[in-house]
Protein chains: 2
Amino acid sequence: MLTTLESHKYLRQHSIKPSVQRTAVMDYLMNNRTHPTIDEIYLALCPNMPTLSKTTVYNTLDIFVERGAVRALVIDEKNARYDIDVSAHAHFICRSCGKVHDIFNLKSELFEFPKLSRFSINAVEISYSGICDKCKGN
Amino acid sequence: MLTTLESHKYLRQHSIKPSVQRTAVMDYLMNNRTHPTIDEIYLALCPNMPTLSKTTVYNTLDIFVERGAVRALVIDEKNARYDIDVSAHAHFICRSCGKVHDIFNLKSELFEFPKLSRFSINAVEISYSGICDKCKGN
DNA sequence: TTCTATCTTTGTATTCATTACATTTTAATT
DNA sequence: AATTAAAATGTAATGAATACAAAGATAGAA
């Protein structure tokens with residue numbers, strides 16, 4: 001369950017120096033695959049790291065995304081969300097509770113980039129929305 | 001080019017009472033298919049409607065989206081963007097200039113909803129990102 | 001037409017995520 | 001230990017979006 005060693009390895013693989021704060025954030029992302037917001041990460045880590053600054057969480061996720069260690073999701077109009085799983089998969093956001101879920105096992109063709117002369121595409125995001133079962137009441 | 005009559009018709013089709021402001025916003029969306037932000041719409045209309053309030057633009061687009069007359073795009077982390085074309089198509093955002101472009105003629109399968117017991121899906125958004133040709137310098 | 005009720009618009013104030021930036025702390029090297 | 005660079009911190013500022021109360025417009029009934 002504790003994956004500090006894995007975090008260190010993963011950070012080094014992405015040329016990110018594993019400071020205490022970065023390791024804590026990475027541990028959190030690896031153990032909580034809920035596409036957390038900056039605030040959720042910050043609040044979760046605060047109890048064990050009282051001196052942690054929210055700016056550090058912002059900086060940390062910026063560098064994670066920049067180095068390709070983490071994916072930033074633009075699916076929730078309120079906040080940015082972060083996903084430790086950078087493999088090809090889609091997401092679902094519930095319009096009622098706002099939770100974001102992974103959708104795996106879609107055809108790989110969905111994630112291919114169309115060949116267009118006008119643009120150089122290097123990422124795709126597939127986002128479904130609707131109501132989750134919990135919010136629908138069963 | 002002036003589409004006020006079309007706007008009225010389109011608004012009524014979606015059960016939206018065509019006030020002066022709503023008609024102006026709808027005209028703008030029909031004539032400027034650039035996925036504008038609230039601010040862009042507001043600034044464009046201001047010269048001809050000096051008393052227009054930005055809150056009205058927010059209210060107006062909220063009702064347009066609620067009634068299915070317009071699609072709200074979550075693709076630009078800075079602002080919401082609005083698209084008068086509610087048919088199935090994808091978008092591309094340039095990471096450099098921030099402009100959002102339509103991508104038509106993709107396979108219709110891309111826009112089908114996966115059948116999942118956990119969620120009731122009622123919308124999909126396919127967003128590509130990268131660099132546009134203008135920003136790449138040719 | 002006038003009255004009334006409802007809908008729409010307006011302006012201000014507030015919230016809150018994100019960014020900017022200067023300062024302090026930490027880590028690595030000589 | 002001294003030096004330097006990198007990282008973390010805290011505060012202030014920005015700006016999109018929302019809340020809300022007041023003013024204005026519209027439609028229907030009397």
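Residues numbered from 1 in each chain as written. Chains lettered and ligands numbered in written order. Predicted model: local features only at pLDDT ≥ 70, side-chain atom pairs only at ≥ 80, totals over all residues. Heavy atoms only, no water.

### Side note on empty space enclosed by the protein
Tallied over the full model, the rule gives two cavities of 30 Å³ or more. Considered as a void within the structure, the largest cavity measures approximately 40 Å³ in volume. Surrounding the largest cavity, Leu29, Asn32, Arg33, Thr34, His35, Pro36, Tyr82, Asp83, Ile84 and Asp102 of chain A form its lining. Along the lines of polarity and charge, the residues of the lining of the largest cavity split into four nonpolar, three polar and three charged. Roughly 30 Å³ of volume is contained in the second largest cavity. Lining the second largest cavity we find Leu29, Asn32, Arg33, Thr34, His35, Pro36, Tyr82, Asp83 and Ile84 of chain B. Of the residues in the lining of the second largest cavity, the class split is four nonpolar, three polar and two charged. (1 Å grid on protein atoms, 1.4 Å probe; cavity = no way out; pocket = protein on both sides within 12 Å on 5 of 7 lines; lining within 4 Å. Points joined across faces, edges and corners; volume = space filled by probe spheres on them. Nonpolar A, V, L, I, M, F, W, Y, C, P; charged D, E, K, R; others polar.)

### Focus: the domain arrangement of chain A
Residues and elements named next belong to chain A. Considered domain by domain, chain A is made up of domain 1 (4-81) and domain 2 (87-136). Placing a centre on the C-alpha atoms of domain 1 and another on those of domain 2 gives a separation of 21 Å. Counting residues at the interface gives ten residues for domain 1, matched by twelve residues for domain 2. Interface of domain 1 and domain 2: buried area, both sides summed, is about 820 Å²; carbon and sulfur atoms make up 50% of it. Considering only the surface of domain 1 that becomes buried against domain 2, His35, Arg71 and Ile75 emerge as the three largest contributors, covering 66% of it. (Domains from an automatic or database assignment. Contact = heavy atoms within 4.5 Å. Buried area = accessible area lost by both parts, 1.4 Å probe.)

### A short note on the layout of surface pockets
The volume enclosed by the second largest pocket comes to roughly 480 Å³. Lining the second largest pocket are 19 residues; nearest its centre among them are Glu109 and Leu110 of chain A together with Lys107, Glu109 and Leu110 of chain B. Broken down by class, the residue content of the lining of the second largest pocket amounts to ten nonpolar, one polar and eight charged.

### A short note on the packing of aromatic side chains
Counted under the stated rule, the structure contains two aromatic pairs over all chains. Their ring planes at 15 degrees and their centres at 4.1 Å tell us that Phe92 of chain A and Phe119 of chain B sit as a pair that is stacked. Of this pair, Phe92 of chain A sits in strand 3 (residues 90-94) while Phe119 of chain B sits in strand 5 (residues 119-132), placing the two residues on different chains. Judged by its relative accessible area of 6%, Phe119 of chain B is buried. (Phe/Tyr/Trp six-rings, centres within 6.5 Å; stacked < 30°, edge-to-face > 60°. Helix = DSSP H or I, 4+ residues; strand = E, 2+ residues; numbered from the N terminus. Buried < 20%, exposed > 50% of the residue type's maximum accessible area, 1.4 Å probe, protein only.)

### A few points about the interface of chain A and chain B
With 34 residues of chain A in contact, the opposing surface of chain B contributes 34 residues. Buried surface at the junction of chain A and chain B, summed over both partners, amounts to about 2,500 Å²; 57% is from carbon and sulfur atoms. Counting the surface chain A buries against chain B, the share from its top three residues, Val74, Phe119 and Tyr128 of chain A, is 22%. Where chain A packs against chain B, one counts zero salt bridges. Counting the contacts that link chain A with chain B gives twelve residue pairs in polar contact (both at pLDDT 80 or more). Only strand 4 (100-103), strand 5 (119-132) and helix 5 (133-136) of chain A provide two or more residues apiece to the side of chain A that touches chain B. (Salt bridge = Lys/Arg side-chain N within 4 Å of Asp/Glu carboxyl O. Polar contact = N/O pair within 3.5 Å; in protein donor to acceptor, adjacent residues only side chain to side chain.)

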